[in-house]
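# Coordinates in review
Chain by chain, the residues run as shown.
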Amino acid sequence: MIFRLPPDEIVFPDPSLAEEDGLLAIGGDLSIERLLLAYENGIFPWYSEEDPILWFSPHERCVIYPNKIKISKSMKKIIQSAVFKVSVNQNFRQVIKHCAGTPRKNQLGTWITTEMQKAYSKLHNKGFAHSIEVWQEERLVGGLYGVKINEVFCGESMFSLVPNASKMALIYLCKNLDFELIDCQLPNEHLLSMGAEMIDRETYMSFIKA
């Protein structure tokens, strides 16, 4: 059963009632209050420009434990070479803009709509959303952004304009910022190759509610 959210009340149904694909609810808005309530309950928005707002809560989450991230020998050499410089929260809007606009294999368009960009920029202005920027010769070439809930970094998206830039952002997040868990939401080969694993909702929520 997919729930329709009331327009005049900021509430969500029990996340355990989500469909098999994780779809839980439809409607509502992207206000700061609703977004924070969503993340605090293991829920996130994910939809295309032409769709209504869709809210998901997967029964299994793809996560990375920071101390388990896998760094290949070639990536270690790149880090040691200092070809990249990394910053935190220096250019959130450009990071989310690049995440929305960078073409991805087997993906048409983007789910990071203009509405989403505005909403997460507001979260950033209030100190809830954060970005990591990767620079090469003063040019922004990679990065990621997400939402901090307690000691969990709920990753939303990453981008790379040159090889290994997004890997650099993720490694920096794991090695230099004090999070107990990195939430990647859904698995892909890139994340799994770097040590991502699947955990059930109950385990995930134990970190969110800690």
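Residues numbered from 1 in each chain as written. Predicted model: local features only at pLDDT ≥ 70, side-chain atom pairs only at ≥ 80, totals over all residues. Heavy atoms only, no water.

### Things to note about the overall build of the protein chain
Stated precisely, the cut-off is as follows: The secondary structure listing takes helices from DSSP runs of H or I that are at least 4 residues long and strands from runs of E that are at least 2 residues long, numbered from the N terminus. Working definition: with a 1.4 Å probe on protein chains only, accessible area under 20% of the residue-type maximum means buried, over 50% means exposed, and in between means partly exposed. Residues count as neighbours in contact if any of their non-hydrogen atoms are within 4.5 Å of one another. What sets the accessible areas is the Shrake-Rupley method with a 1.4 Å probe; for residues, cover comes only from the shown protein chains.
If you tally the helices and strands in the protein chain, you get seven helices and eleven strands. The dimensions of the protein chain, computed from C-alpha atoms along their principal axes, are 55 × 35 × 30 Å. Counting the 210 residues in the protein chain, one finds 50% classified as buried. For the protein chain, restricting intrachain contacts to residue pairs at least 6 apart in sequence, the fraction spanning at least 24 positions comes to 67%. Of the accessible surface of the protein chain, which amounts to about 10,800 Å², a share of 51% is contributed by carbon and sulfur atoms.

### What to know about the packing of aromatic side chains
Using the following cut-off: Two aromatic rings from Phe, Tyr or Trp, using only the six-membered ring of Trp, form a pair when their centres are within 6.5 Å; if the ring planes differ by under 30 degrees the pair is stacked, by over 60 it is edge-to-face, and anything between is tilted. Placement of a positive charge over a ring is assigned whenever Lys NZ or Arg CZ falls within 6 Å of the ring centre and within 35 degrees of the normal to the ring plane.
Tallying each qualifying case throughout the model produces eight aromatic pairs. Geometrically, the ring pair formed by Tyr120 and Tyr145 is edge-to-face, given 6.0 Å between the ring centres and 75° between the ring planes. With Tyr120 in helix α4 (residues 114-125) and Tyr145 in strand β8 (residues 139-149), the pair connects residues that are 25 residues apart, well separated along the chain. The pair formed by Tyr120 and Tyr145 is uniform in burial state, with each residue classed as buried. Among the aromatic side chains, those forming a connected cluster through ring pairs are Tyr39, Phe92, Tyr120 and Tyr145. Here Lys68 stacks its cationic end above the ring of Tyr65, 5.0 Å away from the centre of that ring.

### Considering the pattern of salt bridges
Our working definition: For this document, the term salt bridge refers to a Lys or Arg side-chain nitrogen within 4 Å of an Asp or Glu carboxyl oxygen.
Summed over all chains, the structure comprises three salt bridges. Of the charged contacts in the structure, one is a salt bridge between Asp29 and Arg34, with a shortest N-O distance of 2.7 Å. For Arg34, a relative accessible area of 1% corresponds to the buried category. For Glu197, the salt bridge goes to Lys68, with nearest N and O atoms at 3.9 Å. Of the two residues, Glu197 is situated in strand β11 (residues 197-200) and Lys68 in the loop between β5 (60-64) and α2 (73-81); the sequence distance between them amounts to 129 residues. The exposure class assigned to Glu197 is partly exposed, which follows from its relative accessible area of 28%.

### Points about the pairing of strand β2 (residues 23-27)
This is how the line gets drawn: Strands pair, by our definition, only if DSSP identifies at least two bridges between them.
Of all five residues making up β2, five are buried, and the element is well covered by its neighbours. In this structure, strand β1 (residues 3-5) lies alongside β2, joined through three bridges in parallel fashion. When the bridges of β2 are listed, Phe3 appears paired with Ala25. In terms of strand pairing, β2 meets strand β4 (residues 54-56) through three bridges, oriented antiparallel. What sits directly across from Ile26, in β4, is Leu54.

### Remarks on a negative patch on the surface
As a reminder, the rule being used: Residues form patches when they are more than 30% accessible in relative terms and have no salt bridge. Like charges link within 9 Å. Nonpolar side chains (Val, Leu, Ile, Met, Phe, Trp, Tyr) link within 5 Å. None of His or the chain ends enter the tally, which takes Lys and Arg as positive and Asp and Glu as negative. The atoms used to mark charge sites are NZ of Lys, CZ of Arg, CG of Asp and CD of Glu.
On the surface, a cluster of negative charge is contributed by Glu49, Glu50, Asp51 and Glu115. Assignment of secondary structure puts Glu49 in the loop between β3 (44-45) and β4.

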